[in-house]
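Observations on the three-dimensional arrangement
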Amino acid sequence: MNLEVSVAGLRLKNPVMTASGTFGYGLEYAGFFDLSRLGAVVVKGLSVNPSKGNPPPRIWETSCGMLNSIGLQNIGIPAFVRDKLPVLRQYDTRIIANFFGNTIAEFVEGAAMLNDATGVDALELNVSCPNKDAAWSAFGTNPVVLAEVVARVRQATSLPLIVKLSPNVTDITEMARVAVDAGADALSLINTLTGMAIDIESIRPRLSNIVGGLSGPAIKPVALRMLWQVHKVLPSVPLIGMGGIMTADDAIEFILAGAVAVAVGTANFVNPQATLHVIGGIEQYMSRHNIADINDIVGGVIC
Amino acid sequence: MNLEVSVAGLRLKNPVMTASGTFGYGLEYAGFFDLSRLGAVVVKGLSVNPSKGNPPPRIWETSCGMLNSIGLQNIGIPAFVRDKLPVLRQYDTRIIANFFGNTIAEFVEGAAMLNDATGVDALELNVSCPNKDAAWSAFGTNPVVLAEVVARVRQATSLPLIVKLSPNVTDITEMARVAVDAGADALSLINTLTGMAIDIESIRPRLSNIVGGLSGPAIKPVALRMLWQVHKVLPSVPLIGMGGIMTADDAIEFILAGAVAVAVGTANFVNPQATLHVIGGIEQYMSRHNIADINDIVGGVIC
Amino acid sequence: MIRQFSAEVTSNVRLSDGVFMLVLSPMSEVLRPCAGQFYMVGQGCGIPGKKPLFDPLLKRPFSCMDYNDGLLHFMIKLRGRFTAILGNCTPGTVLELIGPIGNAFPAVGAGERLIVVAGGIGIASVAMLLRDYPEATLFYGVRSANDLFVDQLPPVARLHVTSDDGSAGDKGNVLEHLRQYIASIVETTEGGVIKVYACGPYAMTEQLCRMFASKGGDLCKVNGWTVEAFVSVEERMACGVAACLGCTVSTVNGYRLVCKDGPVFSVNDLIPVAT
Amino acid sequence: MIRQFSAEVTSNVRLSDGVFMLVLSPMSEVLRPCAGQFYMVGQGCGIPGKKPLFDPLLKRPFSCMDYNDGLLHFMIKLRGRFTAILGNCTPGTVLELIGPIGNAFPAVGAGERLIVVAGGIGIASVAMLLRDYPEATLFYGVRSANDLFVDQLPPVARLHVTSDDGSAGDKGNVLEHLRQYIASIVETTEGGVIKVYACGPYAMTEQLCRMFASKGGDLCKVNGWTVEAFVSVEERMACGVAACLGCTVSTVNGYRLVCKDGPVFSVNDLIPVAT
Ligand SMILES: Cc1cc2nc3c(=O)[nH]c(=O)nc-3n(C[C@H](O)[C@H](O)[C@H](O)COP(=O)(O)OP(=O)(O)OC[C@H]3O[C@@H](n4cnc5c(N)ncnc54)[C@H](O)[C@@H]3O)c2cc1C
Ligand SMILES: Cc1cc2nc3c(=O)[nH]c(=O)nc-3n(C[C@H](O)[C@H](O)[C@H](O)COP(=O)(O)OP(=O)(O)OC[C@H]3O[C@@H](n4cnc5c(N)ncnc54)[C@H](O)[C@@H]3O)c2cc1C
Ligand SMILES: Cc1cc2nc3c(=O)[nH]c(=O)nc-3n(C[C@H](O)[C@H](O)[C@H](O)COP(=O)(O)O)c2cc1C
Ligand SMILES: Cc1cc2nc3c(=O)[nH]c(=O)nc-3n(C[C@H](O)[C@H](O)[C@H](O)COP(=O)(O)O)c2cc1C
Ligand code: FES
Ligand code: FES
């Protein structure tokens, strides 16, 4: 049975990775299972300088989902490369660095720094955080701005470049096309939907940042639809599917819709071993259905 | 205690209405409680000609939500006016006709027919059904097309005109502004998010229409965020909030975010008396917090 | 009388690994259900003042298996999430119901013969017919003896059990035995009307259409006998009250709603979907 | 040893209308918790092969109240949806846990006096201290006698109970009585170190900062005595393992994570948020 897949030239031992921001820098979960079991570890979004993120409260549970407004808190690329990467590299898995900038120049600088670090296997460009201001959001929602940032980052790195798309757009296929035309080797989708919750007793938002990103099972139908739409128009672009994947069955839905790999996000919080259950469940599904190679069912949904 | 609100000049005895398509033509629920208790009944989306809708299966339950691809099945405006309206009118509530067309001409024709019917208190223009094709979707997602359909319908009716916005857009405030500029008296938001689910055993979509509209508690954070965003930029436009309202607490969140009225949708399926519980709960909240007039807390969230 | 009520679980008995009998006591006056009608069953309202839980979200349809001493009996097969919750309900749990819903099986005329056909859990949808028509013949097909719950039924005049593996009754397909039975009736007795009222898996519904539809059914008219077959069908439901328009089936008269126009349809009207 | 394990409910006793004691038996080897540490507690995995339910979604943090004979004791207040589920758990239910988590209360040095302060359900976070330091003094403030669970505690050397309504112990605010007590100590005895380890509602944490913070605290240094106060604080949590960065509190050293750097913080570090 073959679970190996290739994303933008990068071979993964299986199609299951962690979604950025839900698995820390990987090491937080090293005590729960052997990280070498994973297809890839995608780390928390990094920036050139450390960032302290938004004031608390930062999370709120909604019906079958959660809102977060972490605000891209991170230790900065230099500290990541110095303190985390050497330890993370010891695991036999791929390391994908999710990163962002506050300006195009910062995006480019971050990409260049990560490009030079030993042990980063691919970059995931985050243009889709709902906790930033409207100007920043343009990176993920305005095709012209998206094209520019992707093209500039593309020049700054020779690593496989994954662009992570925002779902908060009218036409996800347009954004996908723009990113690919500008040089993305693969696409991740989806990031969180922008949401809000209000405490009716204090009549204040539940999050200090007012709005936050909605993740978890609640968003799965939207994520799956977007992935399927993008796969339909860009069948040869490797897609990494995410958004509400809690079980192997969810992962298989994404693969059938066209994802060559999947990322497990919020589910890690619910169960630190969620990724292992997803990998195991995919294997069971394959043997139950006599599927020799996982690649055989990518995009296999019959519509 | 005053629960009366005014939406586009239309006085409602309380701010609670039913969401189109989740309450039939109203009469389906008349056996469950006295419809006169409602602020308004919004009926299933109507078109000039009867429409048979999509093939089954049409619904699928998701985590804290449901997908539907009814496809705007309806009996047509003439049958509605002849068979349903006379009965519905006997209740002491407002009747809001949700309607759509396949072309702008049909939208206009529908508006004109409903305008002339006795007993319709307001129109709700549905440009935001996720079960129609891409060309149709432009009514709800392309500002230029939206402006045109709203302007043309505006000319065809003197009734209060509510435009129901699609959440499947990059910038809900832009669509809101366009609709208001083109003549909308009030806005309803949100309609369903476009979603999908796959049966991994049959490797086919769960819905015959492949994609469908996601409703229910899962989407509430997105709906609330959009309502709040629109209220911020258009504070004087009456907004009808909907999307995942299951309880009075949910309704109050929308009111605090800026809704002058709310619509209960999927919750009607879960409990046919959901609207009554929402009304009762709003009253309890008001007396608990010494709120004399519901209008006093519209948009009252402190950010 | 409104058709929405709360009901308390009075007993919940596991009949086999995968099937349980849930008995509910309505907490207000309710209508008497007719054979073939069903209820939308959902969880109670949760803790007053607390946000309720919404997974699972919708109510689910279940046929009334029996109505006795004011108690509603449901025979339920463990399928997914909500049936799992129901299967674990302890006595005293309060559930929310809507019903009775649907058109029920049509009355059987004097002089007409009634053959009731059940496939597996389909027995739940036809069992009440056995109370209304004690003279009826029951064809009851199961996979194996484990799925057979004859002791849960009202007394049956004539019972034909078939099982796929031969572990109970005759081995084989229940409709094959039905076919032979009808063949023997029409050969040996004078003509008349036979009513076949059935509920079972989708493949059984399809087969019944092929056998008994007035257009193309090979057994609908033979030897002076007319066979009129009605089937209770399933479709996913959200509301149960003809409001969501979700539960459509294709019929020769266009789309029809299982919750309003059904769940019982004549085989003459149904258009089985090729699978 | 991994800190993730399943545990079976061995008993679940209602202590009052709003509080229950949940006792869990871990189903694999676990680490011994220290006073002040906590666990993320979530529902079991549901039915194998069936889609599980995701409302509520996240695990919730609960302090270990006691660890005894291999059993984990949690004293839990009914707050919302998940605590309602836990309150109804019957023996045999399997839950999923992560823990022990967090930094625990610092060790009390030889010769130092320990005063433990609990406000309401905060007792659950400090109770284990009473086992480790049988000589400690406990100040236990509740609203009324109904909220007082002294019989659930290890033996206490010196107990001061206060209640808002005077129905148990002294009437009044627990911190006022603590203040008087400390005043009497520092007046009547030779100097030294007093450790105050506390857990209670947010307002209590704030007040403790005002009383004992080395900058501005009016009681942190008096008459040759030093009072060092540590508080266990609450914040919403998703992961419990420093991965989500959700559980931040503001400290003089910037944002810190309750699940990693806490839940116990020195009052010198906390920056109470004006409310
Ligand atoms: C008129 C009618 C009468 C029925 N009577 C019985 C009965 O007496 N005994 C019995 O065991 N079963 C009966 N069923 C089937 C029963 O409704 C399903 O088994 C049940 O809905 C499965 O719910 P679940 O949450 O366990 O499954 P899940 O698979 O978790 O459900 C997933 C989703 O599919 C929907 N769904 C799945 N199967 C069905 C179905 N067959 N009909 C409608 N919605 C479905 C659910 O509503 C839900 O939204 C009847 C169905 C209908 C339509
Ligand atoms: C370190 C720590 C130790 C705790 N120890 C105990 C204890 O021993 N006994 C006890 O009764 N309670 C304790 N709590 C509080 C307990 O976690 C909350 O009461 C519980 O999470 C409420 O869950 P709910 O679903 O019933 O409430 P809901 O209001 O339905 O929860 C809604 C959401 O808010 C979050 N939430 C609400 N309150 C809290 C909170 N205080 N902390 C974190 N998340 C919260 C939940 O995670 C959930 O996402 C502790 C909290 C922390 C942080
Ligand atoms: C707490 C939290 C933090 C996140 N941080 C990041 C981030 O730093 N960069 C990023 O690209 N996505 C981030 N995401 C988005 C996830 O990677 C993922 O796209 C999203 O949560 C949807 O997947 P899920 O539903 O499985 O969680 C974060 C999500 C959560 C819940
Ligand atoms: C079964 C179903 C049918 C619907 N039909 C219509 C419709 O005909 N016209 C319309 O404007 N909205 C329609 N909607 C959208 C609802 O009116 C509402 O905007 C949406 O469901 C969000 O609210 P909810 O989460 O409370 O259901 C439909 C929704 C559902 C679930
Ligand atoms: S279930 Fe809603 S129309 Fe039948
Ligand atoms: S709870 Fe996730 S970082 Fe503390």
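Residues numbered from 1 in each chain as written. Chains lettered and ligands numbered in written order. Predicted model: local features only at pLDDT ≥ 70, side-chain atom pairs only at ≥ 80, totals over all residues. Heavy atoms only, no water.

**Remarks on the overall build of chain A**
The condition is simple: Runs of E in the DSSP output that reach at least two residues are strands. Runs of H or I that reach at least four are helices, and both are numbered from the N terminus. For this measure, only C-alpha atoms enter the radius of gyration; the expected value for a globule follows 2.2 Å times N^0.38, where N is the number of residues. With a 1.4 Å probe rolled over the protein chains alone, any residue whose accessible area is under 20% of its type maximum counts as buried; one over 50% counts as exposed, and the rest are partly exposed. Pairs of residues are marked as contacts when any of their non-hydrogen atoms sit within 4.5 Å. All accessibility values rest on the Shrake-Rupley procedure with a 1.4 Å probe; residue burial counts only the protein chains present in the view.
When its secondary structure is counted, chain A shows nine helices and 16 strands. Taking 19 Å as the expected radius of gyration for a compact globule of 303 residues, we find that chain A reaches 18 Å, a close match to that expectation. In terms of overall dimensions, chain A has C-alpha extents of about 55 × 45 × 40 Å along its principal axes. Per-residue burial over chain A gives 68% buried out of 303 residues. Excluding contacts between residues fewer than 6 apart, the proportion of contacts in chain A whose partners are at least 24 apart in sequence is 71%. Accessible surface for chain A amounts to roughly 9,200 Å². Of this, 49% is attributable to carbon and sulfur atoms.

**Description of the overall build of chain C**
Here is the rule: Under the counting rule used here, the positive set is Lys and Arg, the negative set is Asp and Glu, and His together with the chain ends is not counted. For charged residues, the charge sits on one atom: NZ in Lys, CZ in Arg, CG in Asp, CD in Glu.
For chain C, the count of helices and strands is four helices and 17 strands. For a compact globule of 275 residues, the expected C-alpha radius of gyration is about 19 Å, and chain C comes in at 19 Å, within 12% of that figure. Judged by the C-alpha coordinates and their principal axes, chain C covers about 65 × 40 × 35 Å. By sequence separation, contacts in chain C at least 24 residues apart represent 62% of the contacts at least 6 residues apart. When the accessible area of chain C is evaluated, it comes to approximately 11,300 Å², of which 51% is carbon and sulfur surface. Where the 23 positive side-chain charges of chain C centre and where its 25 negative ones centre are 7 Å apart.

**A few points about the layout of surface pockets**
Rules: Using a grid of 1 Å spacing that covers the protein atoms alone, one calls a set of points a cavity when a 1.4 Å probe fits there but cannot get out, and a pocket when the set is open and has protein on both sides within 12 Å along at least five of seven lines; lining residues are those with an atom within 4 Å of a point. Grid points are joined across faces, edges and corners, and a volume is the space filled by probe spheres set on the points. Amino acids outside the nonpolar list (Ala, Val, Leu, Ile, Met, Phe, Trp, Tyr, Cys, Pro) and the charged list (Asp, Glu, Lys, Arg) are all regarded as polar, and Gly is one of them.
The calculated volume of the second largest pocket comes to roughly 760 Å³. Forming the walls of the second largest pocket are 40 residues, and the residues nearest its centre are A:S137, A:T194, B:T170, B:R225 and B:Q229. Here the lining of the second largest pocket is built from residues that sort into 20 nonpolar, 14 polar and six charged.

**Examining the interface of chain B and chain A**
It is common to report an interface's size as the accessible area lost on association of the parts. To keep things clear, this is the line we draw: The term buried area means the drop in 1.4 Å probe accessible area that two parts suffer when joined, counted for both and summed. The salt bridge criterion pairs a side-chain nitrogen of Lys or Arg with a carboxyl oxygen of Asp or Glu, the two atoms within 4 Å. Think of a polar contact as two N or O atoms within 3.5 Å of one another; within protein, one of them needs to be a possible hydrogen donor and the other a possible acceptor, and neighboring residues in sequence only count if both atoms come from side chains.
With 41 residues of chain B at the contact, the number on the chain A side is 41 residues. Summing the contributions of chain B and of chain A, the shared interface buries around 3,700 Å²; its carbon and sulfur component is 69%. Across the pair A:E201 and B:R288 runs a salt bridge whose closest N-O atoms are separated by 3.2 Å. Viewed at the interface, chain A and chain B are joined by 15 residue pairs in polar contact (both at pLDDT 80 or more). When the residues that make up the side of chain B that touches chain A are grouped by side-chain class, the tally is 26 nonpolar, nine polar and six charged.

**What to know about the relation of the copies chain B and chain A**
Where we set the bar: Copy-to-copy superposition: least squares on the C-alpha atoms, limited to residues that have pLDDT of at least 70 in both copies.
Superposition record for chain B on chain A: RMSD 0.0 Å, screw rotation 180 degrees, translation along axis 0.0 Å. Such a turn and shift between the copies fits a two-fold axis. Counting the interface residues of chain B, we find that 100% of their copies in chain A are interface residues as well, pointing to one common contact surface.

**Quick look at the site of ligand 4**
Residue and element names in this part refer to chain B. What counts, and what does not: Nearness is defined per residue: one heavy atom within 4 Å of the molecule or strand is enough.
Taken together, 25 residues sit near ligand 4, with S20, K164, G216, G244 and T266 positioned nearest. One nitrogen or oxygen atom from the main chain of G265 is found 3.2 Å from an oxygen atom belonging to ligand 4. For ligand 4, the accessible surface in isolation is 600 Å², of which the surrounding protein chains cover 98%. In terms of residue class, the shell around ligand 4 is made up of eight nonpolar, 15 polar and two charged.

**Quick notes on the packing of aromatic side chains**
Both the distance between ring centres and the angle between the ring planes are used here to describe each pair of aromatic rings. Selection criterion: Each pair of aromatic rings taken from Phe, Tyr and Trp, with Trp reduced to its six-membered ring, is defined by centres within 6.5 Å and is described as stacked if the planes are under 30 degrees apart, edge-to-face if over 60, and tilted in the remaining cases.
Applying the stated criterion across every chain, the model contains 25 aromatic pairs over all chains. Members of the aromatic cluster, joined through ring pairs, are A:F99, A:F100, A:F107, A:W136 and A:F139.

**Focus: unusual backbone geometry**
A cis geometry characterises the amide bond from A:P56 onward to A:P57, with omega recorded as -5 degrees. As for its position among the elements, A:P57 is in the loop between β4 (40-42) and β5 (59-62). With an omega of 15 degrees, the peptide bond between B:L189 and B:I190 qualifies as cis. Along the chain, B:I190 turns up in the loop between β10 (186-189) and β11 (193-196). At B:A8, a position not held by glycine, the phi torsion is positive, near 55 degrees.

**Some points on the sheet that holds strand β4 (residues 60-63) of chain D**
Residue and element names in this part refer to chain D. Our working definition: Should DSSP find at least two bridges between two strands, the strands are regarded as paired. The convention used is that axes are lines fitted to C-alpha atoms, helices contributing only their stretch in contact, and that angles between N-to-C directions extend from 0 to 180 degrees.
Taken in spatial order, the seven strands of this open sheet run β4-β3-β7-β1-β2-β6-β5, and their pairing is antiparallel. This sheet does not close on itself; its edge strands, each paired only once, are β4 and β5 (66-68). With strand direction ignored, the average angle separating the axes of adjacent strands in the sheet is 40 degrees. Bridging between strand β3 (residues 38-43) and strand β7 (residues 94-101) involves five bridges; their strand directions are antiparallel. Of the residues in β7, the one forming a bridge with F38 is I101. Strands in contact with helix α2 (residues 123-132) are β4, β5 and β6 (71-77); relative to β5, the strand with the most contacts, it is inclined by about 50 degrees.

**Focus: the sheet that holds strand β11 (residues 193-196) of chain A**
Residues and elements named next belong to chain A. Ordered in space as β5-β6-β14-β11, the four strands form an open sheet in which the pairing is antiparallel. At either margin of the open sheet sits one strand with a lone partner, and together these are β5 and β11. Taking the axes of each pair of neighbouring strands and ignoring which way they run, one obtains an average angle of 40 degrees across the sheet. Taken together, the three bridges between strand β6 (residues 65-68) and strand β14 (residues 211-215) define a ladder with antiparallel strand orientation. Bridge pairing links N68 to G213 in β14.

**Topic: the site of ligand 3**
Residues and elements named next belong to chain A. Lining the immediate environment of ligand 3, one finds 24 residues, of which S20, K164, G216, G244 and T266 sit closest. Between ligand 3 and S20, the relevant distance is 2.7 Å, taken from an oxygen atom to a main-chain nitrogen or oxygen of the residue. Measuring from a nitrogen atom of ligand 3, one finds a side-chain N or O atom of K44 at 3.1 Å.

**Notes on the nonpolar core**
We apply this condition: The nonpolar core is taken to be a set of buried Ala, Val, Leu, Ile, Met, Phe, Trp, Tyr and Cys residues, with the residues joined through side-chain atoms within 4.5 Å.
A:L187 and B:L187 are the most contacted members of the largest nonpolar core, which has 341 residues in total. Residues in contact with A:L187, not counting those within four places in the same chain, are A:I162, A:V163, A:L165, A:A176, A:A179, A:V180, A:V230, A:L234, A:V237, A:P238, A:L239 and A:I240.

**Some points on the confidence of the model for chain C**
Reading predicted coordinates in detail is not appropriate for stretches of low pLDDT. The condition that has to hold: Confidence of the predictor at the level of single residues is given by pLDDT, which spans 0 to 100.
Looking at chain C as a whole, the pLDDT averages 92, with 97% of positions reaching at least 70. Averaged pLDDT values over the elements of chain C bottom out at 82 in strand β13 (residues 221-222) of chain C and peak at 98 in strand β4 (residues 60-63) of chain C.

**Here's the deal with the packing of helix α1 (residues 77-88) of chain A against helix α2 (residues 104-116) of chain A**
Residues and elements named next belong to chain A. Selection rule: What sets the label is the angle itself: under 35 degrees gives roughly parallel, over 145 gives roughly antiparallel, 65 to 115 gives roughly perpendicular, and the rest give oblique. Helix crossings are classified by the rotation of the near helix relative to the far one: an anticlockwise turn of less than a right angle makes the crossing left-handed, while a clockwise turn makes it right-handed.
Across the interface, α1 lies against α2 with an axial gap of 10 Å and an inter-helix angle of 15 degrees. On the basis of the axis angle, α1 is roughly parallel to α2. Considering the relative orientation of α1 and α2, their crossing is right-handed. Contact with α1, carried on its side by I77, P78 and F80, involves G110, M113 and L114 of α2 and no other residues of that element. Considered class by class, the residues forming the contact of α1 with α2 number five nonpolar, one polar and no charged.

**Here we look at the pairing of strand β9 (residues 137-142) of chain C**
Side-chain positions along a regular strand alternate between the two faces of the sheet. Residues and elements named next belong to chain C. Quick reminder of the rule: Think of it like this: strands point away, you trace from the first strand over the helix to the second, and a clockwise trace means the crossover is right-handed.
β9 sits mainly inside the fold: six of its six residues count as buried. Of the two faces of β9, the one carrying T137, F139 and G141 and the one carrying L138, Y140 and V142 are both buried. As judged from the five bridges shared by strand β8 (residues 113-119) and β9, these two strands associate in the parallel manner. Bridge assignment links I115 to a residue of β9, and that residue is T137. Read from β8 through helix α2 (residues 123-132) to β9, the crossover connection turns out right-handed. As paired strands, β9 and strand β10 (residues 158-163) are joined by six bridges and run parallel to one another. Bridged to G141 within β10 is T162.

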